[in-house]
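# A look at the structure
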Protein chains: 2
Amino acid sequence: MSQLAKRTIMTPGPVEAEPRVLRAMSAPILGQFDPAFTEMMNETMEMLRDLFQTNNQWAFPIDGTSRSGLEAVLTSLIEPGDRVFVPIYGRFGHLLVEICERLDASVHTMECEWGTVFDENDVIQEIKKVKPKIVACVHGETSTGCVMPLQNIGKTCREEDCLFVVDAVATIGGVEFKVDDWFIDAAIGGTQKCLSVPSGMAPITYNSRAEAVIARRKKVERGIATDQDQTTPFSGSVIRSNYFDLSQLQDYWSPRRLNHHTEATSMIYGLHEGLRVLLDEGLENRFERHIFHEQALMAGIKAMGLDLFVEHEHKLPVVTCITVPAGVDADAVRSFMLTHFGVEIASSFGPLHGKIWRIGSMGYSCRKENVLFALSALEAALLYKDVPVHSGKAVQAALAYYESAIVNVPS
Amino acid sequence: MSQLAKRTIMTPGPVEAEPRVLRAMSAPILGQFDPAFTEMMNETMEMLRDLFQTNNQWAFPIDGTSRSGLEAVLTSLIEPGDRVFVPIYGRFGHLLVEICERLDASVHTMECEWGTVFDENDVIQEIKKVKPKIVACVHGETSTGCVMPLQNIGKTCREEDCLFVVDAVATIGGVEFKVDDWFIDAAIGGTQKCLSVPSGMAPITYNSRAEAVIARRKKVERGIATDQDQTTPFSGSVIRSNYFDLSQLQDYWSPRRLNHHTEATSMIYGLHEGLRVLLDEGLENRFERHIFHEQALMAGIKAMGLDLFVEHEHKLPVVTCITVPAGVDADAVRSFMLTHFGVEIASSFGPLHGKIWRIGSMGYSCRKENVLFALSALEAALLYKDVPVHSGKAVQAALAYYESAIVNVPS
């Protein structure tokens, strides 16, 4: 049965799930209002606050894949005509624009070449000029392997009285990301990357500044409202989606437990267990582990004689992009690796498709044997296809790095 | 650990998951473009066609809970100002209205008392009068325990050139539902009810008439479009959601495999296995099994001296509603059953909260021991709270029904 295929997954997601998470997901179902389940929901919220490094009251998952979290936050915040500013440095900046445009926002963008990021000050100057209601930005761009410095943008957003929304889908749980310290008003994470929980949930958090915007648009659902409930928005325009209406989702995740959707039971089991695994390891240890294995991976790639597509200080530690040598069929190499080694690496999108390979080293997939497997399989595929690389060097370079490392990081 | 609580779940969902489904969900992750996974996606589509009894090309799940499927279909079909007609006979008719109104549809409704359904001919006359672009209707209302006859409405919709959209969340896989024979243009099912797969996916199907509406609004996502792709809609208005854009989801589920979200791997494993279990049993056998156990359950309830809230020919076989006797605290009885027996039954919503109990008998939960457990626990709770019921009669009546049954239905 195809389902039993066992892969070494070194893509930017979905990555291998934590074994403890998969076991947790096979537990029997609990009803959504069963105290045993609502307790688990509350524990999940508490652990999400730790993950996001925030004291926000609201931290819960949207039932859908990562982009459902982006859409829930933006749909609940944006009213038609609102000015939104999006700095774009890869595919997922374009996704933010696409979502905002569908909400009839007035979207202002700036773009830089894929593989680079903006100077934070340029973004700050543009915010002051554009004066948007919302700044929406990607923290880590898996499409290019870059991470955008965000430490100072949020402060400007407070001064300019706009909301700072950050897509941390690729970085949460793998790369330092501080919601409160960085003055981020709403953030969206992903499960299937550095958390190593299967795709299907999108953890989000937002603070009281964002909540105030949502509260103006609050209405209680038809068919379950009581005489005391508003069934028309308080003063804002109606949120265009019922599924993504954060004012209703809040009521569901609060002690009132006002029915909305039926919570995705097994996915909550998985997220809950994934967060326990993560907090057992510790956030700082986890960030260090990701950088540790990234170094081994890069050492191996360079020893093979390949060029890194991104090697500057804003390289995303959890995604390493390799420039495909001229004349090489990038997809054929990936297919060879999957067929013969069961090792999966990724291509990229749009202008970079076929131009770079992307190797993810995220969460449970970010461990020594996976780095060594990926290097072995890539070298073998290239040699098999007569691409000139330095035979036998890559794995040795990675091993040498691991042997010499003073840092004692869990493998 | 709370997660290990093992319940007998006799609510209208989420119900107990099939053990084979839970095992399948603990399988290791596969990449979303891994041939081993795309083969499973294709098999899932094929089995969904059998489930919906359709030859439609498009039959795939939305990654979200049941209402995400409703919203995906309605968001992709409805343009602002479109006239939509919704006959309401319970809470979930109101939900359809709510979703349509948020899409700025011009919504026309008719309502009947909760616990009853419409005469099909009345609905047909109203369609001819209102001349909507879309008729949206719930097949089985879990909030009241009724099932609406739909056999003839779709034919009228064809004649009137409008689209017939049906919410079959509660009935799919448990009650006869024929997409093609009933001329249904788009249908939405649920996983956590009669399919006995955990909540978190919403299988949908739609035909070429619906596809034609969606095709006019098609645009390829920013950041992955090639020179050949449309990035503005062909002739219709832009679909307001990226996450729920069926024109993009089609491309993802088609051989082109154009990237959209990251498919929810473990949920697909669960749905795939749940559909295999269902087709192994056979749709007709499954429908008969649900009626078989419903009869035993009703016999027990009546023997106890309780009144059924719905007992007419349009009773939903998978949800049995009981009128709460005067003066009884309905929630306290449910809480007693959960605490002492681990048996969960449901309350209802809005005007019926506290007035009825709802007992679900769906999918894997629909089996002999669960019916007997539910009757035992309900009787014990009522006796403990000094509610006068006929002591010792309920389980005996159900057993007598099971013993006398000529039909040989798998327990």
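Worth saying up front: this structure is predicted, and the values here are computed from it rather than measured.

What counts, and where the lines are drawn
Residues numbered from 1 in each chain as written. Chains lettered and ligands numbered in written order. Predicted model: local features only at pLDDT ≥ 70, side-chain atom pairs only at ≥ 80, totals over all residues. Heavy atoms only, no water. Helix = DSSP H or I, 4+ residues; strand = E, 2+ residues; numbered from the N terminus. Buried < 20%, exposed > 50% of the residue type's maximum accessible area, 1.4 Å probe, protein only. Contact = heavy atoms within 4.5 Å. Areas by Shrake-Rupley, 256 points an atom, 1.4 Å probe, with all protein chains shown as cover. Lys, Arg positive; Asp, Glu negative; His and termini not counted. Charge placed at Lys NZ, Arg CZ, Asp CG, Glu CD. Axes fitted to C-alpha atoms, helices over the stretch in contact; angles between N-to-C directions. Parallel < 35°, antiparallel > 145°, perpendicular 65-115°, else oblique. Left-handed = near helix turned anticlockwise from the far one by under 90°. Nonpolar A, V, L, I, M, F, W, Y, C, P; charged D, E, K, R; others polar. UniProt positions renumbered as here; feature names shortened; annotations may be inferred. Polar contact = N/O pair within 3.5 Å; in protein donor to acceptor, adjacent residues only side chain to side chain. Salt bridge = Lys/Arg side-chain N within 4 Å of Asp/Glu carboxyl O. Least-squares fit on C-alpha atoms with pLDDT ≥ 70 in both. Pairing = 2+ DSSP bridges. Domains from an automatic or database assignment. Buried area = accessible area lost by both parts, 1.4 Å probe. Core = buried A, V, L, I, M, F, W, Y, C linked by side-chain atoms within 4.5 Å.

A separate point is the overall build of chain A. A count of helices and strands for chain A gives 13 helices and 13 strands. In terms of overall dimensions, chain A has C-alpha extents of about 75 × 55 × 40 Å along its principal axes. Within chain A, the proportion of its 411 residues that are buried is 67%. Excluding contacts between residues fewer than 6 apart, the proportion of contacts in chain A whose partners are at least 24 apart in sequence is 72%. Accessible surface for chain A amounts to roughly 13,500 Å². Of this, 49% is attributable to carbon and sulfur atoms. Here chain A holds 38 positive side-chain charges and 52 negative ones, and the gap between their average locations is 2 Å.

Before going further, it helps to spend a moment on the packing of helix α12 (residues 368–384) of chain B against helix α13 (residues 394–404) of chain B. Residues and elements named next belong to chain B. Contact pair α12 / α13: the axes reach a minimum separation of 9 Å and the direction vectors enclose 160 degrees. With respect to their mutual orientation, α12 and α13 come out roughly antiparallel. Considering only the axes of α12 and α13, their crossing is right-handed. Counted together, Lys368, Val371, Leu372, Leu375, Ser376 and Glu379 of α12 and Ala394, Val395, Ala398, Leu399 and Tyr402 of α13 form the full contact between these two elements. Per-class residue counts for the contact of α12 with α13 are 8 nonpolar, 1 polar and 2 charged.

What follows is about the UniProt feature "domain: Aminotransferase class V" (unreviewed entry) in chain A. The UniProt record annotates "domain: Aminotransferase class V" (unreviewed entry) at residues 35–347 of chain A. Along residues 35–347 of chain A the backbone is 41% helical and 16% strand, and the end-to-end C-alpha distance reaches 45 Å.

Another point: the side chain of A:Asp185. Residues and elements named next belong to chain A. If you trace the backbone, Asp185 turns up in the loop between β8 (163–168) and β9 (186–189). From its side chain, Asp185 meets the backbone nitrogen of Phe164 in a polar contact 2.8 Å long. Ignoring any residue separated from it by four or fewer positions in sequence, one finds Asp185 in contact with Arg158, Cys162, Leu163, Phe164, Thr205, Tyr206, Asn207, Arg209 and Ala210.

This part is about the pattern of salt bridges. When their charged atoms lie close together, side chains carrying opposite charge are able to pair. Residue and element names in this part refer to chain A. Taken as a whole and assessed by the stated rule, the structure comprises 56 salt bridges over all chains. A salt bridge links Asp251 to Lys218; its shortest N-O distance comes to 2.6 Å. Of this pair, Asp251 sits in helix α8 (residues 246–253) while Lys218 is found in the loop between α7 (208–216) and α8, placing the two residues 33 residues apart along the sequence. Residue class for Asp251 comes out buried when judged on its relative accessible area of 12%. Linked by salt bridges that have partners in common, Arg20, Glu273, Arg276 and Asp280 make up one network.

Overlay of chain A on chain B (RMSD 0.0 Å): rotation 180 degrees, translation along the axis 0.0 Å. The relationship between the two copies is best expressed as a two-fold rotation axis. The C-alpha atom lying nearest the rotation axis in chain A is that of A:Gly64; the distance is 2.3 Å.

Residues and elements named next belong to chain B. Side-chain alternation along strand β9 (residues 186–189) places Ala186 and Ile188 on one buried face and Ala187 and Gly189 on a second face that is also buried. Sheet topology note: the strand β8 (residues 163–168)/β9 ladder contains 4 bridges and is parallel. Bridge pairing in β9 places Val166 opposite Ala187. As paired strands, β9 and strand β10 (residues 202–206) are joined by 3 bridges and run antiparallel to one another. Residue pairing across strands places Ala187 opposite Thr205, the latter belonging to β10.

The next thing to look at is the domain arrangement of chain A. Residues and elements named next belong to chain A. Per the domain assignment, the segments of chain A are domain 1 (17–279) and domain 2 (283–404). The centre of domain 1, based on its C-alpha atoms, is set 31 Å off from the matching centre of domain 2. Counting residues at the interface gives 33 residues for domain 1 and 25 residues for domain 2. Both sides together, the interface formed by domain 1 and domain 2 hides about 2,200 Å², and carbon and sulfur atoms give 65% of it. Linking domain 1 with domain 2 are 0 salt bridges, by the criterion used here.

A few words now on the nonpolar core. Within the largest apolar cluster, 195 residues are counted, with the highest numbers of intra-cluster contacts made by A:Phe60, A:Phe177, A:Leu246, B:Phe60, B:Phe177 and B:Leu246. With residues near it in sequence (within four places) discarded, B:Phe60 still touches B:Met45, B:Leu48, B:Ala202, B:Pro203, B:Ile204, B:Tyr206, B:Leu246, B:Leu249, B:Gln250 and B:Trp253.

Once that is clear, we can look at the environment of A:Arg102. Residue placement: A:Arg102 occurs in helix α4 (residues 91–102). Residue classification places A:Arg102 among the buried residues on the basis of a relative accessible area of 1%. Here the alpha-carbon distance between A:Arg102 and A:Gln125, two residues 23 residues apart in the chain, equals 26 Å. With residues near it in sequence (within four places) discarded, A:Arg102 still touches A:Arg240, B:Lys219, B:Val238, B:Ile239, B:Arg240, B:Ser241, B:Asn242, B:Asp245 and B:Gln248.

Attention now goes to the interface of chain A and chain B. Across the contact, 77 residues belong to chain A and 77 residues belong to chain B. Between chain A and chain B, roughly 6,500 Å² of surface is buried when both sides are summed, and carbon and sulfur atoms account for 54% of that area. One can count 10 salt bridges joining chain A with chain B. Notably, a salt bridge pairs A:Lys219 with B:Glu98, separated by 3.5 Å at the nearest N-O pair. In this assembly, chain A and chain B are joined by 36 residue pairs in polar contact (both at pLDDT 80 or more). For the side of chain A that touches chain B, the secondary-structure elements that each account for two or more residues are α1 (19–25), α2 (35–52), α3 (66–77), α4 and α9 (265–281) of chain A. Element by element, the count of residues in the side of chain A that touches chain B is highest for α4(A), at 8 residues. Its residues assigned to classes, the side of chain A that touches chain B comprises 33 nonpolar, 24 polar and 20 charged.

This paragraph deals with the sheet that holds β8(A). All names here are of chain A. On the basis of which strands lie adjacent, the open sheet formed by 7 strands has the order β2-β10-β9-β8-β5-β3-β4 and mixed pairing. With partners counted over all chains shown, the strands left at the sheet margins are β2 (58–63) and β4 (106–111), one partner each. Pairwise comparison of adjacent strand axes, ignoring direction, gives a mean angle of 20 degrees for this sheet. When strand β5 (residues 134–138) meets β8, the two strands line up parallel, connected through 5 bridges. Residue Ala136 lies in a different strand from β8, and its bridge partner there is Val165. Across the sheet, α2 touches β2, β9 and β10 (201–206), and the angle it forms with β2 is around 105 degrees. The strands that α3 touches are β2, β5, β8, β9 and β10; relative to β10, the one it contacts most, it runs at about 35 degrees.

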